[in-house]
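# Residue-level structural notes
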Amino acid sequence: MSLLTDLINLNLSDHTEKIIAEYIWIGGSGLDVRSKARTLPGPVSDPSEIPNWNYDGSSTGQAPGKDSEVILYPQAIFKDPFRRGDNILVMCDCYTPAGDPIPTNKRYNAAKIFNHPDVVAEEPWYGIEQEYTLLQKDVKWPLGWPVGGFPGPQGPYYCSAGADKSFGRDVVDAHYKASLYAGINISGINGEVMPGQWEFQVGPSVGISASDQVWVARYILERITEIAGVVLSFDPKPIQGDWNGAGAHTNYSTKSMRENGGYEVIKKAIEKLGLRHNEHITSYGEGNERRLTGRHETADINTFSWGVANRGASVRVGRETEKNGKGYFEDRRPASNMDPYTVTSMIADTTILWKPT
């Protein structure tokens, strides 16, 4: 095993200019991350320097077997925390051989919104709070829970310390450092209300880069849980009953919101979000109706609401934003399994581009 570890940790830069690029893409379910590696002749600094590639879309639920080729377009580069050196992770999106985006390519339409001159001028910032649950591998039951049983009621676990309250910290800290190494703007982590559930935050990041970073952070977390022998779940309500669900609260601001008088801009943006509530909900993650019940720090899925410091509202405005008259707000509706390309671009579209009739 020591020889295997030595080989895994080989520093290729001592022996060759060649690097390994791990191409990452989103599979047919819209949540599964796939990847494969290829050798490049030397270090690269921009996605345009990386060749397109292809994969068998019939094996990911994205193409028929008789015409299975799907093309990967490199879009963003990150340092590889697993291979290190000059090796890289490459976030890609997916196209047909004719150059058309395939149906599961949500990045394509998001990029069109983020490249709109009105959106570019507003410099939208996002901070995404990605919640997730760690499960025991063979029984698919939360980490730290007695198999077939339940721990004590919620209360002691949020931001806790101790072997009887905090489960999976080694995975969480490994992911935190690996994400920072990769160049992801991960801004923090914390234990969540339900034991075995955690959260990491990405941002503030501008435009589509926030979603690229969330997807690569998810990929890194999948790889680390693979090594640790635990299962990663983004189910928005992994355990029924009196247990908190898992969300992806999305914090958002525009240039106008961050400037003096921005609070009025925020209130107008929230009003527009309310007018398109149903449209947003249908794009905010599968199974979200099990989470958005009006309990456990959520608003009811059928009713839009907002408030200052109200974690039971659809949209929360912070006390500091109210006091300063400018800042940001938090859309608390997205589920943990949401597609960040869809959610972030939809918020920008509704608050900046959409004109109510």
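All of these numbers come straight from a predicted model, not from anything done at the bench. (Residues numbered from 1 in each chain as written. Predicted model: local features only at pLDDT ≥ 70, side-chain atom pairs only at ≥ 80, totals over all residues. Heavy atoms only, no water.)

## Re the UniProt feature "domain: GS beta-grasp" (unreviewed entry) in the chain
Under the UniProt annotation, "domain: GS beta-grasp" (unreviewed entry) lies at residues 19-99. Across residues 19-99, the secondary structure splits into 0% helix and 48% strand, with the terminal C-alpha atoms separated by 27 Å. (UniProt positions renumbered as here; feature names shortened; annotations may be inferred. Helix = DSSP H or I, 4+ residues; strand = E, 2+ residues; numbered from the N terminus.)

## Quick notes on the packing of helix H5 (residues 209-228) against helix H10 (residues 340-353)
Taken N-terminus to C-terminus, the directions of H5 and H10 make an angle of 160 degrees; their axes are 9 Å apart at the nearest point. Compared by their axis directions, H5 and H10 come out roughly antiparallel. Judged by the twist between their axes, the crossing of H5 over H10 is right-handed. Seen from H5, the contacting residues are Ser-211, Asp-212, Val-214, Trp-215 and Arg-218; seen from H10, they are Pro-340, Tyr-341 and Thr-344. Of the residues assigned to the contact of H5 with H10, the class counts are 4 nonpolar, 2 polar and 2 charged. (Axes fitted to C-alpha atoms, helices over the stretch in contact; angles between N-to-C directions. Parallel < 35°, antiparallel > 145°, perpendicular 65-115°, else oblique. Left-handed = near helix turned anticlockwise from the far one by under 90°. Contact = heavy atoms within 4.5 Å. Nonpolar A, V, L, I, M, F, W, Y, C, P; charged D, E, K, R; others polar.)

## A few points about the side chain of Glu-129
In this structure, Glu-129 sits in strand E6 (residues 125-136). No salt bridge is formed by the buried Glu-129; the nearest opposite charge belongs to Arg-316, separated by 5.3 Å. Polar contacts involving the side chain of Glu-129 include one to the side chain of Asn-251, which spans 2.8 Å. The contact partners of Glu-129, leaving out residues within four places of it in the chain, are Glu-199, Phe-200, Gln-201, Gly-247, Ala-248, His-249, Asn-251 and Glu-330. (Buried < 20%, exposed > 50% of the residue type's maximum accessible area, 1.4 Å probe, protein only. Lys, Arg positive; Asp, Glu negative; His and termini not counted. Salt bridge = Lys/Arg side-chain N within 4 Å of Asp/Glu carboxyl O. Polar contact = N/O pair within 3.5 Å; in protein donor to acceptor, adjacent residues only side chain to side chain.)

## Section: the sheet that holds strand E2 (residues 33-40)
As summarised here, the arrangement of the 5 strands in space is E2-E1-E5-E4-E3, forming an open sheet in which the pairing is mixed. Of all the strands in the sheet, just E2 and strand E3 (53-56) have a single pairing partner and so form its edges. The mean angle between the axes of side-by-side strands here comes to 40 degrees, regardless of whether they run parallel or antiparallel. Taken together, the 4 bridges between strand E1 (residues 19-26) and strand E5 (residues 88-95) define a ladder with parallel strand orientation. The residue of E5 that forms the bridge with Ile-24 is Met-91. In the packing of H5 onto the sheet, contacts are made with E1, E2, strand E4 (69-79) and E5, and the angle to E5 comes to roughly 115 degrees. (Pairing = 2+ DSSP bridges.)

## A closer look at the environment of Ala-246
Structurally, the position occupied by Ala-246 is in the loop between strand E9 (230-233) and strand E10 (248-253). With 49 residues separating them in the primary sequence, Ala-246 and Gln-197 have C-alpha atoms 7.9 Å apart. Not counting residues within four places of it along the chain, the set of residues in contact with Ala-246 comprises Glu-131, Gln-197, Asp-235, Pro-236, Arg-291, Ala-335 and Ser-336.

## So, the packing of aromatic side chains
Under the criterion given, the structure shown has 13 aromatic pairs. Ring centres of Trp-141 and Trp-145 lie 5.6 Å apart, and the angle between their planes is 90 degrees; this geometry places the pair in the edge-to-face category. By relative accessible area, which is 19% here, Trp-141 ends up buried. On the basis of relative accessibility, which here comes to 3%, the residue Trp-145 falls in the buried class. Here the aromatic residues Phe-114, Tyr-126, Tyr-252 and Phe-329 are joined through ring pairs into a cluster of three or more. Over the face of the ring belonging to Trp-53 we find Lys-36, whose NZ or CZ atom lies 4.1 Å from the ring centre. When the ring centre of Phe-82 is taken as origin, the NZ or CZ atom of Arg-223, which lies over that ring, is 4.1 Å away. (Phe/Tyr/Trp six-rings, centres within 6.5 Å; stacked < 30°, edge-to-face > 60°. Lys NZ or Arg CZ within 6 Å of the ring centre and 35° of its normal.)

## Things to note about the pairing of E10
With 6 of 6 residues buried, E10 is to be regarded as a mostly interior element. Alternating positions in E10 separate into two faces, Ala-248, Thr-250 and Tyr-252 on one and His-249, Asn-251 and Ser-253 on the other, with burial throughout. Across 6 bridges, the pairing between E6 and E10 is antiparallel. Of the residues in E10, the one forming a bridge with Trp-125 is Ser-253. Bridge count for E10 against strand E13 (residues 329-331) is 3 bridges, and the pairing is antiparallel. Within E13, the position partnered with Tyr-252 by the bridge is Phe-329.

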